[in-house]
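Single-letter residue listing:
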Amino acid sequence: MSIKRAVVAVIVITLVILNIKEWRGKGIKAYCKAFLSVVPANLLFVITCILYFPSSIVITNKDEFNIGFGTIAPIVITASILVFLVIELAGNAIYFCSVIHRLYVGLLWGVGACFYIQGNFLNKNLPQLDGQIIDWSVYSSHTIFELIVWTLVIVGACILSIKKDDISKKIFTRVSLALAVMQMVSLVVLVVNSGDTVHNNVALSKEDEFTLGSNGNIVVFVLDSLSPGEFSEALAIEDDLLWAGEDFTLYDNAVAGGAYTLIGMPTLLTGMEYDPTYIAHSAWLGEAWSDTTIYDDLNYSGYDVRIYTDGRYLTNVSSDDISNVVEINGKDYHIAEIKDFIKKLYQLSGYYSLPTIIKPYMWFYTDEILGLIESDLSNTHMEDLTSEEVDVEVYTINDDVFHKDLDNTGLDIKYDKAYRVYHLMGPHAPYTLSIDGYTSDNGETDEITQTIGSLRIVEQYIQEMKEAGVYDNSTIIITADHGRATEGYQQNHCVAIKEAGKTQGYAVDNRPIHV
């Protein structure tokens, strides 16, 4: 224990001992008075920080979380009660130290008020937690402004509480109750209007992941956030990569259908674009998959169709359309790791409600928390869904696992014709791949290293196609759901195509295309 912590511990213990002596012989009225003295500030802090913000984040992003308020309610309500009681006990412990108690109440109220102000008014173009490293220096002037606001509110509340106890009690009580009621009403409205949680009703199994056809294939590699610039840079650095791009044409003036991945991937898979001014995301997702004819056409043409991505990008699709679809209607979602989820939920809430100077310490990739939410499918067997008695192994986007599975399995020529889509992390942060396409033993790498590593995986797959004799009659596409996050609005994504039956040197085509 450090000297500072030891000093703080001694002070706290001394105050508690002194107050225990003061509490001897006091009646119930004294206890009630002490309890109520902290309640207004306590309610503001707990409802704002512990209950409202984390709940509203999940409810307003239910399409990504696949859970609603009903799932997190036990967590946030229990946490709110515990924090409320701890704050009350601490306040009661120092109740008879008048100045310190007033300072405590003022500080608590000031912090709660600042959380409310920050979350509702001060967040300026808050960057998304998509794994990309954020340059916080661009927020320096706004950070100073926030610090001034936080300082004025907290210091002002503390001074008012110490100097003007009666006035501060009236202000703290009225403002706290008003803000608490507003947030509780808002939370109720959010819950009611959110309706039933919209679950993606399919998962994608790894069945026949590395199988192709003997008489023609369309193989699409979606390397998340790969831009044409990164593709070209990777080929320039590793001049043997993809045999120097042999047989591929890079269309470097391509415009993606949408970003981020939650929009870009369904758009890429269905050809249906999303207009947020016209329709809600969940409704659009259903319409996009209902209206697309791509998979009817592929099946009619004799292709075995399989897609390997996250099931949340699909809905209302059956195994008649896409062979590795596992229908999970009636299956619910659960939090797989409660402790990790709670930590990430409040870290996410802190990112939203703390001042910008602290936000870097709250930064993480949102897939870290989404990955803690699993379908009940992961605990069931295929016999619950079909007549086959085999375990379901759901595909997850993990380049290292994909690469090792390819090493262990290799390609199997099983069908007449095959259509395959493989969604990999590609150059998307966080950067964990080494240059050979496996998880680095040395910790985090960098963007271009990961780009090269992911293309090495593609290269190995293509090499196995050549060895199996199906390369020449196959169309291979290396693309992305959206472009590089640091380049504009991510609209410029990679589209590199090797056409079936065509041989050529590496080419770059500048004509504009929209994919």
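Residues numbered from 1 in each chain as written. Predicted model: local features only at pLDDT ≥ 70, side-chain atom pairs only at ≥ 80, totals over all residues. Heavy atoms only, no water.

Participant: Tell me what's going on with helix α13 (residues 338-353), and back it up with residues and numbers.
Facilitator: Residues spaced three or four apart along an α-helix point in a common direction, a consequence of the helix completing one turn every 3.6 residues. Over its 16 residues, α13 runs 22 Å from end to end, which matches the ideal 22 Å to within 8%, given 1.5 Å per residue. All buried positions along α13 are accounted for by Phe341, Lys344, Leu345, Gln347, Leu348, Ser349, Gly350, Tyr351 and Ser353. (Helix = DSSP H or I, 4+ residues; strand = E, 2+ residues; numbered from the N terminus. Expected span 1.5 Å × (residues − 1). Buried < 20%, exposed > 50% of the residue type's maximum accessible area, 1.4 Å probe, protein only.)

Participant: I'd like a description of the pattern of salt bridges, backed by residues and values.
Facilitator: On inspection of all chains with the given rule, the structure shows 20 salt bridges. In this structure, Arg456 engages Glu238 in a salt bridge whose closest nitrogen and oxygen atoms are separated by 2.8 Å. Residue Arg456 is found in helix α17 (residues 447-468), and its partner Glu238 is found in the loop between α8 (228-237) and α9 (242-245); the two are separated by 218 residues along the sequence. Under the relative-accessibility criterion, Arg456 is labelled buried at 14%. When salt bridges with common partners are traced through the structure, they connect Glu207, Asp208, Asp304, Arg306, Lys414 and Arg420 into a single cluster. (Salt bridge = Lys/Arg side-chain N within 4 Å of Asp/Glu carboxyl O.)

Participant: Break down unusual backbone geometry for me, with residues and values.
Facilitator: The peptide bond linking Ala259 to Tyr260 adopts the cis configuration, its omega dihedral lying at 5 degrees. Mapped onto the elements, Tyr260 comes out in the loop between β5 (254-255) and α10 (261-270). Residue Pro430 is bonded to the preceding Ala429 through a cis peptide linkage, with omega at 0 degrees. Locating Pro430 in the fold gives a position in the loop between β11 (417-424) and α17. Positive phi is not limited to glycine here, since Asp208 has a value of about 55 degrees. Among the secondary structure elements, Asp208 is positioned in the loop between β1 (202-204) and β2 (211-213).

Participant: How would you summarise the side chain of Gln347 if you had to cite specific residues and measurements?
Facilitator: Mapping Gln347 onto the fold places it in helix α13. Using a relative accessible area of 13% as the deciding quantity, one classes Gln347 as buried. One polar contact links the side chain of Gln347 to the main-chain carbonyl oxygen of Trp363, over a distance of 3.5 Å. Setting aside chain neighbours within four positions, we find Gln347 in contact with Tyr361, Met362, Trp363 and Phe364. (Polar contact = N/O pair within 3.5 Å; in protein donor to acceptor, adjacent residues only side chain to side chain. Contact = heavy atoms within 4.5 Å.)

Participant: Summarise the side chain of Asp247; cite the residues concerned and give the values.
Facilitator: Mapped onto the secondary structure, Asp247 falls in the loop between α9 and β4 (249-251). Buried and unpaired, Asp247 has Lys466 as its nearest opposite-charge partner, separated by 5.7 Å. A polar contact is formed between the side chain of Asp247 and the side chain of Tyr471, at a distance of 2.8 Å. Discounting chain neighbours no more than four positions away, the residues touching Asp247 are Tyr471, Ile497, Lys498, Glu499, Lys502, Thr503, Gln504, Gly505 and Tyr506. (Lys, Arg positive; Asp, Glu negative; His and termini not counted.)

Participant: Break down the pairing of strand β13 (residues 495-498) for me, with residues and values.
Facilitator: Direction of pairing for β4 relative to β13: antiparallel, over a ladder of 2 bridges. Note on β13: the bridge partner recorded for Leu250 is Ala496. Examined bridge by bridge, strand β12 (residues 474-479) and β13 share 4 bridges and lie antiparallel to one another. Each bridged residue has a counterpart across the sheet, and for Ile476 the counterpart in β13 is Lys498. (Pairing = 2+ DSSP bridges.)

Participant: Please set out the sheet that holds strand β6 (residues 303-308) residue by residue, giving values where relevant.
Facilitator: Where strands meet in a sheet, backbone hydrogen bonds hold them as pairs that are either parallel or antiparallel. The strand order β6-β11-β3-β12-β13-β4-β14 describes an open sheet built from 7 strands, whose pairing is mixed. On the outer flanks of this sheet lie β6 and β14 (507-509), each paired with one strand and no other. Pairwise comparison of adjacent strand axes, ignoring direction, gives a mean angle of 15 degrees for this sheet. Bridge count for β4 against β14 is 3 bridges, and the pairing is parallel. Bridge assignment links Tyr251 to a residue of β14, and that residue is Asp509. (Axes fitted to C-alpha atoms, helices over the stretch in contact; angles between N-to-C directions.)

Participant: Give me the nonpolar core: which residues, what numbers.
Facilitator: Ranked by size, the top nonpolar core spans 61 residues in total, and within it Phe45, Phe65, Ile67 and Phe341 carry the most contacts. Looking at this core, the elements with two or more residues in it are α2 (28-60), α4 (69-93), α5 (98-122), α6 (140-163), α7 (165-194), β8 (333-335), α13 and α15 (367-370). When residues in this core are grouped by element, the largest group, 14 residues, is from α2. In contact with Phe65, not counting residues within four places along its chain, are Ile57, Val58, Leu348, Ile369, Leu370 and Ile373. (Core = buried A, V, L, I, M, F, W, Y, C linked by side-chain atoms within 4.5 Å.)

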